[in-house]
Amino acid sequence: MNNRSATSTELARLRIRASLARRRRRERLFRVFGVLATAVGLLFLGVFFATLSMAGSSAFRQTFITLEVHLADEVLWPDGVRDDAFADYEAVIRNALNSRFPEAASRTARRELAQIVSIGAAYRLQAIVAAQPDLVGTQLTLRVPASANVDMLVKGKIDTSVSERQRALTDRQLEWVRSLRAAGELELVFNRAFFSNGDSREPELAGIKGAIMGSFFMLSITLLLSFPVGLAAAIYLEEFSPTNRWTDLIEININNLAATPSIVFGLLGVVLFIDWFALPRSSPIVGGLVLTLLTLPVIIIASRASIKGVPHSIREAAMAMGASPNQVVFHHVLPLALPGVLTGTIIGMSRALGETAPLLMIGMVAFIVDVPSGLTDPATALPVQIYLWADSPERAFAERTLAAIIVLLGFLLLMNLAAIMLRRRMERSGPG
């Protein structure tokens, strides 16, 4: 009998040991799979950012050509009437090019020669003369932007080994560019125009300032409206509202709105804000209102989760000390929930910054050259600007598209980093 008991006990121990060994093997295998999945995800993320940086970083540099220009009165005003509004600055640029390359004698050659310089060269010269009128009649060294094709050539994105018909630059233009480079009159410098200009049909003149200002105005409206309204709704639903079918219906609708496709909010914005309220189409105020509707459910859900996470003992202790329900919420619960509330708000704002579909519906896909200066001016947003450039046939817009994506990802990274730092700082400092 004792032998049977000992044998059964030993068998039970063996089974337990075998079960523990299998469990440990599964746990180790699960850890290996987890580490492997994380490594693969980080690898793909690293490849994505490396590819994006290598392909788009070239847009942050622009090719400029140095020319000796002579601001002669007879060239600026060939009819003899001096009027700054009708000065022919393009003729000054053409004469400078012709003087630099006198071998371009035919009309076709001179046309090709003029194409190596951007049309923005005349505007650049005009701005300089407007700031310093005394330059008229003198000769000065001017650095002007090269055309997009020359810029692509300098950056090594045009294959010069193919035939002339298969590339954007002719053989003569290649020789002129080589001559400028050999003379030190062609250089790559930081592309300030990318951050200081609005959109343009010419890639070398296109910038993201208009899109950044449009996004700034829209996010400002979104934050000013969605944060107080979303926080107030979360406080009411979590702390003061009765439990009945109406509050249940409201909660279900809030959860459904958080999962609604963003383009639906764009359709709602067209009907509500443009058709009914007659607000200007393609304006930051309409975009901000649409993004407010989009962001509100996210902020409400995040705020409710943060408020619900505050221990109930905090409420009981405050009420035991004689605090009113409002004092309990605003003096004790809300300060403890505020880190989570702010984190959810910033994440919601990050989502609003990256949205494109609702803005397309309200007309922000229009070609806007001027930088908006107010809430009702026509504007676009950074994601929409990326969409417009990605659809452009010019090759030079491809690198600017990638550069704009880098800027957008940078803003998103900063916003999420700010959310993490703000949460940690407020958690360390406490409600006081």
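Residues numbered from 1 in each chain as written. Predicted model: local features only at pLDDT ≥ 70, side-chain atom pairs only at ≥ 80, totals over all residues. Heavy atoms only, no water.

## Section: the pairing of strand β1 (residues 61–70)
Strand direction decides the pairing type here: β1 and strand β3 (residues 186–190), joined by five bridges, are antiparallel. In the strand pairing of β3, Phe 64 is matched with Glu 187. With seven bridges joining them, β1 and strand β2 (residues 139–145) adopt antiparallel strand pairing. The partner of Thr 66 across the bridge, within β2, is Arg 143. (Pairing = 2+ DSSP bridges. Helix = DSSP H or I, 4+ residues; strand = E, 2+ residues; numbered from the N terminus.)

## Focus on the nonpolar core
Ile 65 and Ile 93 are the most contacted members of the largest nonpolar core, which has 44 residues in total. Elements that contribute at least two residues to this core include exactly β1, α2 (73–76), α3 (89–100), α4 (107–114), α5 (120–131), β2, α6 (148–154) and α7 (171–182). For this core, the element with the highest residue contribution is α3, accounting for six residues. Not counting residues within four places of it along the chain, the set of residues in contact with Ile 65 comprises Ile 116, Val 117, Leu 142, Arg 143, Val 144, Ala 146, Leu 180, Glu 185 and Leu 186. One finds Val 270, Val 290, Met 349 and Ala 404 within the second-largest nonpolar core, a separate group that totals 39 residues. (Core = buried A, V, L, I, M, F, W, Y, C linked by side-chain atoms within 4.5 Å. Buried < 20%, exposed > 50% of the residue type's maximum accessible area, 1.4 Å probe, protein only. Contact = heavy atoms within 4.5 Å.)

## A word on the packing of α3 against α5
Two numbers describe how α3 lies on α5: the axes approach to 8 Å, and their chain directions differ by 110°. Comparing their axes, α5 and α3 come out roughly perpendicular. As for how α3 packs across α5, the hand of that crossing is right-handed. Two secondary-structure elements touch here, α3 through Tyr 89, Glu 90, Val 92 and Ile 93 and α5 through Ala 121, Ala 122, Leu 125, Gln 126 and Val 129. Here the contact of α3 with α5 is built from residues that sort into seven nonpolar, one polar and one charged. (Axes fitted to C-alpha atoms, helices over the stretch in contact; angles between N-to-C directions. Parallel < 35°, antiparallel > 145°, perpendicular 65-115°, else oblique. Left-handed = near helix turned anticlockwise from the far one by under 90°. Nonpolar A, V, L, I, M, F, W, Y, C, P; charged D, E, K, R; others polar.)

## Topic: the packing of aromatic side chains
In total, this model carries 10 aromatic pairs according to the counting rule given. Both rings, one in Phe 60 and one in Phe 195, keep their centres 5.9 Å apart while their planes meet at 10°; by these two values the pair is stacked. Here Phe 60, found in the loop between α1 (2–56) and β1, pairs with Phe 195, found in helix α8 (residues 193–196); they are 135 residues apart in sequence, far enough to count as distant. Judged by its relative accessible area of 17%, Phe 60 falls in the buried class. Classification of Phe 195 by relative accessible area gives partly exposed; the value is 33%. Their ring planes at 45° and their centres at 5.9 Å tell us that Phe 101 and Trp 176 sit as a pair that is tilted. Here Trp 176 lies in helix α7 and Phe 101 lies in the loop between α3 and α4, a separation of 75 residues in the sequence. Comparing Phe 101 with Trp 176, the two get one shared label, buried. Through successive ring pairs, a cluster of aromatic residues spans Phe 60, Phe 190, Phe 194, Phe 195, Trp 389 and Phe 397. (Phe/Tyr/Trp six-rings, centres within 6.5 Å; stacked < 30°, edge-to-face > 60°.)

## Overview of helix α11 (residues 262–276)
Taking 1.5 Å of rise per residue, the 15 residues of α11 would be expected to cover 21 Å, and the 20 Å separating its terminal C-alpha atoms lies within 8% of that figure. A bend of about 30° at Gly 269 is the largest found in α11. The set of residues buried in α11 consists of Ser 262, Phe 265, Gly 266, Gly 269, Val 270, Phe 273 and Ile 274. As for α11, its buried residues are in contact with α10 (245–258), α12 (284–308) and α15 (357–361). Once α11 finishes, Ala 278 follows within two positions and takes phi at roughly 55°, a positive value. (Expected span 1.5 Å × (residues − 1). Bend = angle between axes of the 7 residues up to and from the residue.)

## Quick word on a positive patch on the surface
Positive charge collects at one region of the surface, where Arg 22, Arg 23, Arg 24, Arg 25, Arg 26, Arg 28 and Arg 31 lie side by side. Within the secondary structure, Arg 24 is located in helix α1. (Patch = residues over 30% accessible without salt bridge, like charges linked within 9 Å, V, L, I, M, F, W, Y side chains within 5 Å. Areas by Shrake-Rupley, 256 points an atom, 1.4 Å probe, with all protein chains shown as cover. Salt bridge = Lys/Arg side-chain N within 4 Å of Asp/Glu carboxyl O. Lys, Arg positive; Asp, Glu negative; His and termini not counted. Charge placed at Lys NZ, Arg CZ, Asp CG, Glu CD.)

## Section: the pattern of salt bridges
Taken as a whole and judged by the stated rule, the model has 13 salt bridges. For Glu 399, the salt bridge identified is with Lys 155, shortest N-O distance 2.9 Å. Taken as a pair, Glu 399 in helix α17 (residues 396–429) and Lys 155 in the loop between α6 and α7 lie far apart in primary sequence, 244 residues in all.

## Quick notes on the sheet that holds β3
The strand order across the open sheet formed by three strands is β2-β1-β3, and the pairing between neighbours is antiparallel. Looking at strand neighbours, the two that pair on one side only are β2 and β3, the edges of this open sheet. For this sheet, the mean angle separating the axes of adjacent strands, direction not counted, is 40°. This element, α3, spans β1 and β2 of the sheet and lies at about 90° to β1.

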